[in-house]
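Examining the three-dimensional arrangement
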Amino acid sequence: MKIFRVAPLFLAAAVSGCAGNQGDFPSLLPRPVEQRSEEVETPEPPAPAAADSAFAAQLAELLTQARAGDSAFEAALPAAERAVNAARQAAPASEPWVEAQRLISILDSARTPTSTALASLDELLVARAEGASRDAKIGGVEEAVAARAEAEAINARQAERLTVLRDALRRP
């Protein structure tokens, strides 16, 4: 019950604080200088330059090489899969196991053009990106990135298939 006796005193004190002196105090609204934006407008970066015809031809040649490696890989894949299926339960160093290993090696060799093309595309991309960072007139970075991505996708798919085949055989 003491709260009910003290409450009116606190209420009176709070209300009297609001009815204080209406003096000449500065406004709390933002001043004009505080309303301006501090952002500096930056111009749009120029569009990347396109690849010159010689560079585009290099990229096309390397992609053709990567695709040729993929065709060779795909041609060798069925024989390797059949051999691995036949040797799945075979003991290591048995005739079917050795034949499966031989065909897996042939399959791995078939992807050499793809991995070589990928390595060359990596080198070209790095060199072109370095050049473009120094001179905006040098183009072809986007084209090199796209070509490298395609070759990388082919290479990754081949590596995954090889891993599946290798893992299907018993270890010695």
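As a reminder, the structure under discussion sits directly above these lines.
This write-up is about the structure you can find in this document. (Residues numbered from 1 in each chain as written. Predicted model: local features only at pLDDT ≥ 70, side-chain atom pairs only at ≥ 80, totals over all residues. Heavy atoms only, no water.)

Glancing now at the nonpolar core. Counting residues in each nonpolar core, the largest one holds 17 residues, and the members touching the most others are Val-84, Ala-100, Ile-104, Leu-107, Leu-165 and Leu-169. Every element with two or more residues in this core is listed here: α3 (53–87), α4 (95–110) and α6 (141–168). Counting residues per element, this core draws most heavily on α3, at seven residues. Residues in contact with Val-84, not counting those within four places in the same chain, are Ala-100, Ile-104, Leu-165, Ala-168 and Leu-169. (Core = buried A, V, L, I, M, F, W, Y, C linked by side-chain atoms within 4.5 Å. Buried < 20%, exposed > 50% of the residue type's maximum accessible area, 1.4 Å probe, protein only. Helix = DSSP H or I, 4+ residues; strand = E, 2+ residues; numbered from the N terminus. Contact = heavy atoms within 4.5 Å.)

Right, let's get into the side chain of Gln-158. When you line up the elements, Gln-158 lands in helix α6. Since its relative accessible area comes to 0%, Gln-158 is described here as buried.

On inspection of all chains with the given rule, the structure shows eleven salt bridges. With its nearest N and O atoms 3.2 Å apart, the salt bridge here joins Glu-74 to Arg-157. Of this pair, Glu-74 sits in helix α3 while Arg-157 sits in helix α6, and the two are 83 residues apart along the sequence. The shortest N-O distance in the salt bridge between Arg-148 and Asp-122 comes to 2.3 Å. Of this pair, Arg-148 sits in helix α6 while Asp-122 sits in helix α5 (residues 112–134), and the two are 26 residues apart along the sequence. A relative accessible area of 24% places Arg-148 in the partly exposed class. Assessed through its relative accessible area of 27%, Asp-122 is described here as partly exposed. (Salt bridge = Lys/Arg side-chain N within 4 Å of Asp/Glu carboxyl O.)

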